[in-house]
Amino acid sequence: MTTRTLDTGTDKLLGSVTDGVATLTLNNPTKRNALGDEMTPALRRMLLETETDPDVRVLVLTGAEGAFCAGGDIGGMGDTLAGGKAPNTDDMISRLREAQNTASLRLYEYSKPTIAALPGAAAGAGMSIALACDLRITGQSGFLYPAFGAIGLSGDFGGSWLLSHYIGPARAKEVYFTNHRILPEEGLALGLFNRVVADEDLQTETNALAQQIAGFAPMALRYMKENHNRARSTDLRTAMNMEADRMIRTLLSDDHKEGARAFMEKRKPEFKGQ
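Quick caveat, the model's predicted, so the values are computed rather than measured.

Undergrad: Tell me what's going on with the packing of helix α5 (residues 125-132) against helix α6 (residues 159-167), and back it up with residues and numbers.
TA: Axis separation between α5 and α6 bottoms out at 9 Å; the angle between their running directions is 50 degrees. As summarised for this structure, α5 and α6 are arranged oblique, according to the angle between their axes. Crossing hand, α5 versus α6: left-handed. Seen from α5, the contacting residues are Ser128, Leu131 and Ala132; seen from α6, they are Gly159, Leu162, Leu163 and Tyr166. Its residues placed into classes, the contact of α5 with α6 shows five nonpolar, two polar and no charged.

This is the structure in structure tokens:
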């Protein structure tokens, strides 16, 4: 096992790559890993860097010291979106859109599988970011919490769209309208959590899942994710047409040839991403 530390440019975001798995850890525990002026730009940059890093096959996003992410830093949110100037509605909307596009949307469209590991609360924009990942694994202390209603806000970072697609619009609206906290067992039953584990096992179980996924062919994983994302917004005929295109491209890849040989030889394949 080899580990490489990633230079995130700030101690508010920690990063490393171990055997094909990149782990980004939100690290502002005094504010329950709330997004801020240092963490957010670093996260945007590292999402871009890890996506293009050939050593990275899976991305894990987690939080330090018992929390995932408390969302925006309420104390400085307005000043950040105002750019340090007097509040201007249009400018603030533009800045928020850019932040959303380079975080939640970037995660949703990230070309490699992503896993959110929740050691604690994923609240507000933190909930949205967790939902933008492909898979979610939580410890018993983890939960999803919209939080917006309690402070007179409507919600951002794609949470309303993502939650509606996962559990249906009526349930999603109820969660937002009532500021409902989704605890592990309910989240598991709703399909929002893929796995619920003991808090002390979260890192080990997450790493095992990430390593399992990282062992498969990168091209196949990329096209699987693309197929499933497309399936949410197109008709069956279009989806199947694109599946055929991606299936033939993987069929002609070196990784498929290696996978077929390994199957016949009853051994584990060694995929190279080609």
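Undergrad: Now, about the pairing of strand β2 (residues 13-18): what can you tell me, with residues and values included?
TA: Two elements, strand β1 (residues 3-6) and β2, share four bridges in a ladder whose sense is antiparallel. Along β2, the bridge assignment pairs Thr3 with Thr18. Taken together, β1 and the strand that follows it, β2, pair antiparallel across an intervening segment of six residues, in which Gly9 is found at a positive phi of about 85 degrees. Bridge count for β2 against strand β3 (residues 21-26) is six bridges, and the pairing is antiparallel. When the bridges of β3 are listed, Val17 appears paired with Ala22. The antiparallel pairing of β2 with β3 creates a hairpin that spans two residues between the two strands, and Asp19 there sits at a positive phi of about 50 degrees.

Undergrad: Account for the side chain of Lys225, naming residues and giving values.
TA: By the element assignment, Lys225 lies in helix α10 (residues 218-231). A polar side-chain atom of Lys225 sits 3.3 Å from the main-chain carbonyl oxygen of Leu107.

Undergrad: Give a detailed account of the state of the cysteines, specifying residues and quantitative values.
TA: Using the criterion set out here, one finds zero disulfides in the structure. Free cysteine Cys69: the closest other cysteine sulfur is in Cys133, separated by 11 Å. Take Cys69: its relative accessible area is 1%, and that puts it in the buried class.

Undergrad: I'd like a description of unusual backbone geometry, backed by residues and values.
TA: With phi around 50 degrees, Asp19 is a residue other than glycine that occupies positive phi space. With respect to the secondary-structure elements, Asp19 resides in the loop between β2 and β3. Using a relative accessible area of 35% as the deciding quantity, one classes Asp19 as partly exposed. The phi dihedral of Asn33 falls on the positive side, at around 60 degrees, and the residue is not glycine.

The rules behind the values
- Residues numbered from 1 in each chain as written.
- Predicted model: local features only at pLDDT ≥ 70, side-chain atom pairs only at ≥ 80, totals over all residues.
- Heavy atoms only, no water.
- Axes fitted to C-alpha atoms, helices over the stretch in contact; angles between N-to-C directions.
- Helix = DSSP H or I, 4+ residues; strand = E, 2+ residues; numbered from the N terminus.
- Parallel < 35°, antiparallel > 145°, perpendicular 65-115°, else oblique.
- Left-handed = near helix turned anticlockwise from the far one by under 90°.
- Contact = heavy atoms within 4.5 Å.
- Nonpolar A, V, L, I, M, F, W, Y, C, P; charged D, E, K, R; others polar.
- Pairing = 2+ DSSP bridges.
- Polar contact = N/O pair within 3.5 Å; in protein donor to acceptor, adjacent residues only side chain to side chain.
- Disulfide = S-S within 2.5 Å.
- Buried < 20%, exposed > 50% of the residue type's maximum accessible area, 1.4 Å probe, protein only.

What is shown is where atoms sit, not what they do.
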